[in-house]
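One-letter residues, chain by chain:
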Amino acid sequence: MEIFLMVLVLLILIGISNVVNHFLPVIPVPLIQIALGVAMTYVPGMHHIPLDPELFLLLFIAPLLFNDGKMTPRDELWQLRSSILLLALGLVFATVLLAGPFIHWMIPAIPLSAAFALAAILSPTDAVAVGSLSGRVKLPGKIMRLLEGEALMNDASGLVAFNFAIAATVTGYFSLPKAIGSFIAIAIGGIVVGALLGFMAIGLRLRLRRLGMEDVTLHMLIIILTPFIIYWVAEEFHVSGILAVVAAGVTHAIERDRMTRGSARLHIVSASTWPVILFCLNGLVFILLGLEIPGVISDVWKDPAYNNGQVIGYVLIITAVLILLRFVWVWAANRHFRSALLTALSGVRGALTLAAAFSIPMTLADNSPFPERSLILCICSGVILLTLVIASVLLPILTREAKADPEELAENERNARIRVLEAGLNAVREEMNDKNSQEGMRLISSYTRRLQMAKLKNKAEMGNALKEAVDIRLEALKAEQKIAEKWVREERISPKLADKFLSSISKVEMLLTTKHKWTKLLVFGWEALQRLLRKSKKKAKKIDISHPQWGVYRELKLEAIRAAIRQVKSLETTDNKDTIQAILADYRGLELQLQSGSYRNPAADQMSAERREIELKAIQAERNEIQIMFENGEISRTLANNLRLDVNYHEGHLFETQTVHDGEGEH
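In short, a report on the structure.

Procedures and definitions
Residues numbered from 1 in each chain as written. Predicted model: local features only at pLDDT ≥ 70, side-chain atom pairs only at ≥ 80, totals over all residues. Heavy atoms only, no water. Phe/Tyr/Trp six-rings, centres within 6.5 Å; stacked < 30°, edge-to-face > 60°. Helix = DSSP H or I, 4+ residues; strand = E, 2+ residues; numbered from the N terminus. Buried < 20%, exposed > 50% of the residue type's maximum accessible area, 1.4 Å probe, protein only. Disulfide = S-S within 2.5 Å. Expected span 1.5 Å × (residues − 1). Polar contact = N/O pair within 3.5 Å; in protein donor to acceptor, adjacent residues only side chain to side chain. Salt bridge = Lys/Arg side-chain N within 4 Å of Asp/Glu carboxyl O.

Enumeration according to the criterion identifies three aromatic pairs in this entry. Aromatic side chains phenylalanine 56 and phenylalanine 60 sit 5.2 Å apart centroid to centroid with 40° between the ring planes, which places their arrangement in the tilted category. Here phenylalanine 56 and its partner phenylalanine 60 are both found in helix α3 (residues 53–71), four residues apart, which amounts to about one turn of the helix. Here phenylalanine 56 and phenylalanine 60 have matching classes, each one buried. Taking 5.8 Å as the distance between ring centres and 35° as the angle between the ring planes, the aromatic pair formed by phenylalanine 102 and tryptophan 105 counts as tilted. Separated by three residues within a single helix, phenylalanine 102 and tryptophan 105 lie in helix α5 (residues 81–106), roughly one turn from each other.

On inspection of all chains with the given rule, the structure shows zero disulfides. Cysteine cysteine 378 remains unbridged, with the sulfur of cysteine 380 as its closest cysteine sulfur at 9.3 Å. Among the residues examined, cysteine 380 registers a relative accessible area of 0% and is labelled buried.

Before going further, it helps to examine helix α13 (residues 308–334). Between the first and last C-alpha of α13 there are 40 Å, a value that for 27 residues agrees with the 39 Å anticipated at 1.5 Å per step. Within α13 the residues assigned to the buried category are Val311, Tyr314, Val315, Ile318, Thr319, Leu322, Ile323, Leu325, Arg326, Phe327 and Val330. In this structure asparagine 307 caps α13, since a side-chain oxygen of it lies 2.9 Å from the backbone nitrogen of glycine 309. The first or second residue beyond α13 is arginine 335, which carries a positive phi of 55°.

It is worth spelling out helix α6 (residues 112–122) at this point. Among the eleven residues in α6, eight count as buried, and that is most of the element. Residues Ala114, Ala115, Ala117, Leu118, Ala119, Ala120, Ile121 and Leu122 constitute the buried set of α6.

For the structure shown, the criterion picks out nine salt bridges. Here glutamate 431 makes a salt bridge to lysine 617, at a shortest N to O gap of 3.1 Å. Taken as a pair, glutamate 431 in helix α17 (residues 406–431) and lysine 617 in helix α24 (residues 602–631) lie far apart in primary sequence, 186 residues in all. Here arginine 492 makes a salt bridge to glutamate 559, at a shortest N to O gap of 3.8 Å. Placement of the pair is arginine 492 in the loop between α19 (462–489) and α20 (495–513) and glutamate 559 in helix α22 (residues 550–570), with a sequence separation of 67 residues.

Have a look at this one:
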């Protein structure tokens, strides 16, 4: 029961981390999850989770790397094969040979062989941590592919070098020829075993399909179990389980590319299932990392034998050396300063480093304690945190500076607007049924026209034009408000009915001026509560043809619309002519609705309600798409606000149309 509760709490923390990131997208999810893990160590019963390195690699790293192998484009990896091997092999061994002696020189208490081991586990970047950067940091595509390919390959080289250094520390014996031969055998063996088992898994599923067993659940279960089984088998054969699951992922990518029509349903289910699995595994990796770090650091922090200031200095210096070595290595290969800088800062270390550090034995062959094991664990933890923070802080700044080209920014804005409209269009299509097909088709036609305009219009001033439209619309609303106040003074309308009219104007004004959805929700929530309290005292009645004051309300609305039209026309200039015409078209549409008497038809009222329901869902889909792009770092906060303003503008017009059809009032 305790294990179940612990797992339940960890999964809840994963959900909390994404909620926090929703409101603080500037902080990457991994750092939030590590912080939550650290916080949970102070909760009784949550701090003692022993990290078994072998089990950790099998349960978490294997499926994550398997998925990375499936998703990473093979053609791009092949084109970058030389650069990837230079980083995954050359840089790892260069780091071991250069950083190892430096660590021993700086910290003489760590033997040279143990210093080599520390350098080895700090040399490979973490595929999970690197993947976490892609959502926030818009690195050039070539650099991102290089980092992904490196992270898939360098784990094996780093772990092999680490294991030999640990063996040399424990036994006091080391053979370079044996180490080189073992590395080649382990690496090639892992790739061969992974590819063979991957093709066997695919063959098994194809055989089942030929036998008529098209059960998607069974095939999905085989796919989920594949990375765990392949990693375990590879490790039993003493080859690289990490390279084995990567190779198996690549073989499954080949199958995906050759997808037949009969397996389309399986791929749909897979596309829905794997994201949930990966979401949980990614989160658990960093939360478990956060749970382990305080204990690792506290052992050294509380030990009087260590100077805490010196330990912090060790972490800072070793991190700087790793980044510098990485920068020099990449710069020497391509002589491109910015590319080398971005690649160096992107060398994030992660949970794999700490898992390997935990595998360091407690004692040597003579049963004496392993030298400075606690300090090594502490340094690993510090480097992991520091590289994550450095990448999270500096990379967004550097990549944002690289996107300052006005034409590129304008193109990004145009593409973002197209994506938002497509999200709304897709929502309309999903909500259509036999009852609302007519209204749905009208909305599809409207969205199609807006999409065509967005695709054809490529001006950087689109955001400014929208703000201009909002300003004009606000002036028109003031004109409507003055008409209502005039009618009250002339006693042509009751104060209660006028309040209802003014309230509807205030809501439209709020929609046009509020950028943040939570503010709108609070305002709408408060007004809904007020309406509920009023209804509890006296039931409201719709203002329609059956309402005794409908004629008065209709005439007031017509006069207000005409006043708004006059106000809008008075604001027309040569620069805003198109904007003025669009706003006038909206108002004249409302005027025609009131004059035509279409509200008198109950069927028309029903159709209008169905259209509003679909359109509100489409508007919410647009907002969701804006939030997704913002959280993924695809658009800036300014552009996100401009897009929300556009959505609010259309929602405001929808709401004003709604008040014509079914506004509520009191006798």
